[in-house]
Each structure stands twice: as C-alpha cells, then as structure tokens.
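Summary of the model geometry
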Amino acid sequence: MSAPKITRLRVALVAAPLANPIVAPFGTVRTRHNILVRVETDDGAWGIGESWGNFPPWGCRDRVDILVNVIRPLLVGQRLDDPSRLYWMLADRLRALANQLGAVGPFQQALAGADIALWDAAARRAGKPLADFVRGGPSRQSVDVYATNLPISRPETIEAMAAKGHARFKFRVSGDDLAIVERLRDARAAAGARPLMADATQSFRLEMLRPLARRLAELSLEWLEEPFLADYLEAYAKWRDEPVRPPVALGENSYRLDGFRRILDIVHPDVAQPDITKTAGLSEGRDICRAIIAAGPRACLHMYGGPIGLYASAHLTAAIDGMSWLEMDSMPNPLFEMLLPEAPVVREGKLLLPEGPGLGDDLLREEVFENFEIR
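1. Some remarks on the state of the cysteines
- Summed over all chains, the structure comprises zero disulfides.
- Left without a disulfide partner, Cys-289 is nearest to the cysteine sulfur of Cys-300, which lies 9.7 Å away.
- With a relative accessible area of 0%, Cys-289 lands in the buried category.

Right, here's the structure in full:
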C-alpha cells in the first residue's frame, strides 16, 4: 500500500502580548510569537510542527513567507513515506535560495517546523508516540527538564518554580551587570545544592569574563551559556583553556550537523545545545544529538518557544539514550495558555509526555487553526 499524498500545508502565526515584558540584551520582548505548521494528507492524516520565531518579532514574517511560498509548493503532492527523505529533499532544494538571500537561518527554521509536522503526521499514522517512532521501540514517558529564563534580580523565583515541580534552574544574566557574581551568589544560596545555570545571551567579552572565571567557578554552576558572540569560536576556545572556570555551553545558534561538528572540533564545549525548531528539525536533530553524545559533551536540547516545540524536543530527548536535561520555559507564557487545553505537567523535575500517538492526543485547542492568522 502506497503512502498517502500531502495535500495541504497551513501556517498559523500566533501573537501573545506579555503582561510583563522581557528585557534581553537584544531588546525588549513585549509579545511572544509562535509559528505553527500543519501538514495534511489525502487519507486524513495530519501533523503539527513549530518554527522558531523568538526574536526579533518582525522576523516571524520571513519564516511564514518561506513556508508558504517555497516549502508548501515543494511538499504538496509528495508522499508521506519517510519524513527524513522529505527533509533532505527540502534541504537540498532550499540551499541555493537561502544562499542567494543570505538567509540560512530563516530557511532552516522554516524547514525545521515543517519537518516536525511531517514526523508528527507519520507517527500518528503509525499509531505510535513520536518518541517510540523516532527510536523504533519503546521510549521513556518523561524527561528531565530545567526551568529557564529566570530573572537574576529575583532569586526567590526558584521556590516558585519548585512549587511547579522543577528541580533545576537557569537564570538570565548580562555582561553589563557589574554585580553579576554577587547576584549569582544569591541565586546559589536560594538554590542550595540544586542544579543552577546562567545564560549570558552572547553579552560578555572575553577580557571582561576572564577576571571572573575563578569566582564563577566557585558557584558550582552546571554551565555558563553563550557568554560570547555565538560565531566568535576563538573566544570560546580561549575560555575553554582557562584553568579554572564554569563549564561552557553553546549551540542554539549553530546550524545543521556541519555547524555542530565545527563547535565540537574547535570549542570542545562541556554542553552542546541544538534547537530542533531552529537549527535542525527532528530529521537532522537526532543525528546532531548522537554526534554530540559520541564526542563527549552533554547534549541538552535548547527550547524557548511554544508548546509544540517543547513537546517535540521532549519526544526527541526521550528517544535517544544519553540525552541530558531539556530546557523548559516556566515563567508566565501566554502562548501555553492560548494553545493548550491543559498545562504541561512537571513532577520531581521531569516533564510528562502527553499520551497518544505522535506528539500526543488533544495536544492543541481545536480552534487554534481557526482563530489566528492563517496562511
């Protein structure tokens, strides 16, 4: 029996205003955006994916336009036989245009969302949870997560996250903050022996950070994330060679397997962080995760978006042996309230995977693809 044909690709751009804007090194986030992709086949199968659209907010339009004008015509009429085959076909066809526009990132992010939707549809047709479908056998039903994007000025948020079931905590910090060590010391006091991380969002210069290396190491951070510009690999390599320092993490801004091989070869990071809505999709994301694990660093999927990206990342984490903690946005995020009928469940630091085939039964509110901007 031949595989069904893809008949439709729909894209929804969801905008959710924030009651309390997020101040980041790049600017202030006043609205959270989410780009959702739905593929449908002629036998009634369907699947949902998410493309990265975090920041800047006006960048979402590029991803939507690529999905609608480039990926949709290439996918409609194809058979849903193997998501990986379709991913590599699309990657090959998109490459020249991405180079021509100087827009490798937006093209890869759009492709990632379509790829997740294809895997979800294929797993639903097979009647298997996505993790089991990716692995080819039974997988875990929960994964270790950490609460992310906690404001360093409010170490008391640790207990608020703990009340939600979290056991690991990551704070956002800035290279412009002269009291950064003292603030992290307060966070360590609030966390006690529980795992603590810091995300610098590319805001340090090497000469600024070096004098702080020993003091930061004394705080027993699990990692310091993206302290330097993501493409300044020479700075990361020099930081790696500091005799005493906190572990270093990066990867959310690296693309494709070749990009991760480069940071593994040059930086030798302690933690590598692919984002399957941004850097690779599921098809290449699983190859990247296996390459990271084989090379030695911890493989921790980056995820700061919406619920589809979170659950897709959780399924991939569950499907591959040796994966470490998954990032989880746990501060107030209206996207989750707008899109999900039920909030994610975290118990003792573990996110429970939804029951059912694909990403899970009844994952999104039924009206999602009716009430938002659809193309």
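Past the structure itself, the notes keep going.
2. Observations concerning helix α6 (residues 180-191)
- End to end, α6 covers 16 Å across twelve residues, agreeing with the expected 16 Å (1.5 Å per residue, within 8%).
- For α6, the full list of buried residues reads Ile-180, Val-181, Leu-184, Ala-187, Arg-188 and Ala-191. One side of α6 carries all its buried residues, which in axial view fall inside an arc of 120°.
- Buried residues in α6 make contact with α5 (157-163), β5 (169-172), β6 (196-199) and α8 (213-217).

3. So, the environment of Glu-234
- Note on placement: Glu-234 falls in helix α9 (residues 233-240).
- Residues Glu-234 and Gln-100, 134 residues apart in the sequence, show an inter-C-alpha distance of 28 Å.

4. Comments concerning the pairing of strand β11 (residues 326-329)
- The alternating pattern of β11 places Leu-326 and Met-328 and Glu-327 and Asp-329 on opposite faces, both of which are buried.
- Pairing between strand β4 (residues 142-151) and β11: four bridges, direction parallel. Across the sheet, residue Val-145 finds its bridge partner in β11, namely Leu-326.

5. Regarding a negative patch on the surface
- On the surface, a cluster of negative charge is contributed by Glu-342, Glu-355, Asp-361, Asp-362, Glu-366, Glu-367 and Glu-370.
- Mapped onto the secondary structure, Glu-366 falls in the loop between β13 (350-352) and α14 (368-371).
- Looking at Glu-366, the relative accessible area reads 76%, which means it is exposed.

6. Here's the deal with the pairing of strand β3 (residues 46-51)
- Burial analysis of β3 places five of its six residues in the buried class, which makes it a mostly covered element.
- Strand direction decides the pairing type here: strand β2 (residues 27-41) and β3, joined by six bridges, are antiparallel. Considered in β3, the bridge of Leu-36 is made with Glu-50.

7. Section: the packing of helix α2 (residues 83-101) against helix α3 (residues 104-126)
- Two elements in contact, α2 and α3, have axes separated by 10 Å at closest approach and are oriented at 165°. By the angle between their directions, the pair α2 and α3 is classed as roughly antiparallel. The handedness of the crossing between α2 and α3 comes out as right-handed. Here α2 contributes Pro-83, Ser-84, Leu-86, Tyr-87, Leu-90, Ala-91, Leu-94, Leu-97, Ala-98, Asn-99 and Leu-101 to the contact with α3, which in turn contributes Val-104, Phe-107, Gln-108, Leu-111, Asp-115, Leu-118, Trp-119 and Ala-122.

8. A look at the nonpolar core
- Core analysis: the biggest nonpolar cluster contains 85 residues, and Leu-36, Leu-184 and Leu-351 have the highest contact counts within it.
- If one sorts the elements of this core by residue count, helix α12 (residues 307-319) sits on top with eight residues.
- Not counting residues within four places of it along the chain, the set of residues in contact with Leu-184 comprises Ile-152, Val-173, Leu-196, Ala-198, Leu-216, Leu-219 and Leu-221.
- Core analysis: the next-biggest nonpolar cluster, separate from the first, contains 32 residues, Ile-71, Ala-91, Ala-110 and Ala-117 among them.

The rules behind each value
Residues numbered from 1 in each chain as written. Predicted model: local features only at pLDDT ≥ 70, side-chain atom pairs only at ≥ 80, totals over all residues. Heavy atoms only, no water. Disulfide = S-S within 2.5 Å. Buried < 20%, exposed > 50% of the residue type's maximum accessible area, 1.4 Å probe, protein only. Helix = DSSP H or I, 4+ residues; strand = E, 2+ residues; numbered from the N terminus. Expected span 1.5 Å × (residues − 1). Arc of directions from axis to C-beta. Contact = heavy atoms within 4.5 Å. Pairing = 2+ DSSP bridges. Patch = residues over 30% accessible without salt bridge, like charges linked within 9 Å, V, L, I, M, F, W, Y side chains within 5 Å. Areas by Shrake-Rupley, 256 points an atom, 1.4 Å probe, with all protein chains shown as cover. Salt bridge = Lys/Arg side-chain N within 4 Å of Asp/Glu carboxyl O. Lys, Arg positive; Asp, Glu negative; His and termini not counted. Charge placed at Lys NZ, Arg CZ, Asp CG, Glu CD. Axes fitted to C-alpha atoms, helices over the stretch in contact; angles between N-to-C directions. Parallel < 35°, antiparallel > 145°, perpendicular 65-115°, else oblique. Left-handed = near helix turned anticlockwise from the far one by under 90°. Core = buried A, V, L, I, M, F, W, Y, C linked by side-chain atoms within 4.5 Å.

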